[in-house]
There are 2 protein chains.
Amino acid sequence: MSITNTKKTVSEAVIKRLPRYYRCLLNLEHLGMNKVSSKNLAEMLDITASQVRQDFCCFGGFGQQGYGYVVPKLREALGEILGLNSNYNLIIVGGGNIGRALANYRGFKNDGFNINAVFDINPDAIHIDGIPVFGMESLSDYLKNNPTDIAIIATQRIAAQSVCNTLVELGIRSIWNFAPVKLEAPQDVVVENINMIESLFVLTYRMTNKTTES
Amino acid sequence: MSITNTKKTVSEAVIKRLPRYYRCLLNLEHLGMNKVSSKNLAEMLDITASQVRQDFCCFGGFGQQGYGYVVPKLREALGEILGLNSNYNLIIVGGGNIGRALANYRGFKNDGFNINAVFDINPDAIHIDGIPVFGMESLSDYLKNNPTDIAIIATQRIAAQSVCNTLVELGIRSIWNFAPVKLEAPQDVVVENINMIESLFVLTYRMTNKTTES
């Protein structure tokens, strides 16, 4: 994980585009495409070619003028920047619908994300093939004995902050939060949120807006 | 759904903040809070008070200088702008982990989103309490007989575009897409994406970035 660039200056918008570039390049690589221009990438991401070149500039370039990018090399370089060359150990707290769906989704493993355990206040009611389910009281012992990189919070809104506090106390420094609440965490803890209801409301906004336009 | 404002000028960033204001206000309303200042709202959303006032300006204000906002009134006004005063009929295409998790999530109903049916290529393998599961061949007949506002695509990546095409042909004009692929759809179709893997990659980017900083 030795990356030599000045990422501190990278804007939020660029950070959010990086995974899109990565997935796009991975798909091209699977299709056997070896070269891609910034124009091609721009079309696929619905942005401008100059935006693509500017984004990659933040990381020192990657391409030669008038030549385009070598797909596997660019994919690998972006993968390194995104921290995808590592394997990650994960746990899920909350064994409800979302927690179970995430635990059952096998695609994470292909990207190096291993979900090793699920914790719930009612572990006996939950069965997940191939992943052990423990009660919340086991969390502390588990984390002492099993180095864990990322904790997924998939609890109800009301429980999320207290679960977050417990995880942070137990040494977790990266949280992927599916509960619809803004979590308070120390500065050195990375929290990334997925808020499904907010996305649904953006959809209805666009539907409503469209209706009034036509 | 008669909204009288000039929403065409509303930026993407403002649109994405609207659901956050809405949820925040709903929580305050549940707590019994009647008045809120732009400063309060700004703190809760991690933005500046002038940003809050500027955002609401896009919709004609809502508040009086030095007085703050009346929580239930502001919540209701934002709800109308977001199209949340309607009931919506939804279907889910794809009965895998994500499709089933969404179907089983009862919270949508409280916000007026009714998931009425799930479609899958292998319907017999899927059981969801209280929601019928049909084969893909029934989609056309179902949509003819059951007015549907929103289709959720929760298929594999490879199937998503063809499912999208079918839905659009059958008259669907709003799609909530969980498949990790950019869907091509006509201009009058609203597509809102949730890309979980991209969010996870942003998390690992921040983890990796943090590591190199310290």
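Residues numbered from 1 in each chain as written. Chains lettered and ligands numbered in written order. Predicted model: local features only at pLDDT ≥ 70, side-chain atom pairs only at ≥ 80, totals over all residues. Heavy atoms only, no water.

Enquirer: For this particular structure, what's the right way to read helix H1 (residues 12-30) of chain A?
Expert: Along an α-helix, a turn takes 3.6 residues, which lines up residues three or four apart on a common side. Residues and elements named next belong to chain A. Helix length check: H1 (19 residues) gives 28 Å between terminal C-alpha atoms against 27 Å at 1.5 Å per residue, within 8%. Within the span of H1, buried status applies to Val-14, Ile-15, Arg-17, Leu-18, Pro-19, Tyr-21, Tyr-22, Arg-23, Cys-24, Leu-25, Leu-26 and Leu-28. Looking one or two places after H1, you find Gly-32, whose phi comes out positive at around 85 degrees. (Helix = DSSP H or I, 4+ residues; strand = E, 2+ residues; numbered from the N terminus. Expected span 1.5 Å × (residues − 1). Buried < 20%, exposed > 50% of the residue type's maximum accessible area, 1.4 Å probe, protein only.)

Enquirer: Explain the relation of the copies chain B and chain A here, please?
Expert: Note: a rotation about an axis with an accompanying shift along it relates these two copies of the chain. Once chain B is rotated about the relating axis by 180 degrees and shifted along it by 0.0 Å, it coincides with chain A to within an RMSD of 0.0 Å. One copy is carried onto the other by what is essentially a two-fold rotation axis. For chain B, the minimum C-alpha distance to the rotation axis belongs to Ala-101 of chain B and amounts to 2.9 Å. A shared binding surface is used by both copies, with 100% of the interface residues of chain B retained as interface residues in chain A. (Least-squares fit on C-alpha atoms with pLDDT ≥ 70 in both. Contact = heavy atoms within 4.5 Å.)

Enquirer: How should the pairing of strand E7 (residues 174-177) of chain B be read in this particular structure?
Expert: A regular strand places its side chains so that they alternate between the two faces of the sheet. All names here are of chain B. Taking every second residue as pointing to the same face, both faces of E7 are buried, with Ser-174 and Trp-176 on one and Ile-175 and Asn-177 on the other. With 3 bridges connecting them, strand E6 (residues 150-153) and E7 associate as parallel partners. In the strand pairing of E7, Ile-153 is matched with Asn-177. Crossover connection from E6 via helix H8 (residues 157-169) to parallel E7: handedness right-handed. Looking at chain direction, E7 and strand E8 (residues 190-193) are connected through 4 bridges and run parallel. Residue pairing across strands places Trp-176 opposite Glu-192, the latter belonging to E8. (Pairing = 2+ DSSP bridges. Right-handed = clockwise from strand over helix to strand, strands pointing away.)

Distances and angles like these do not, on their own, reveal function.
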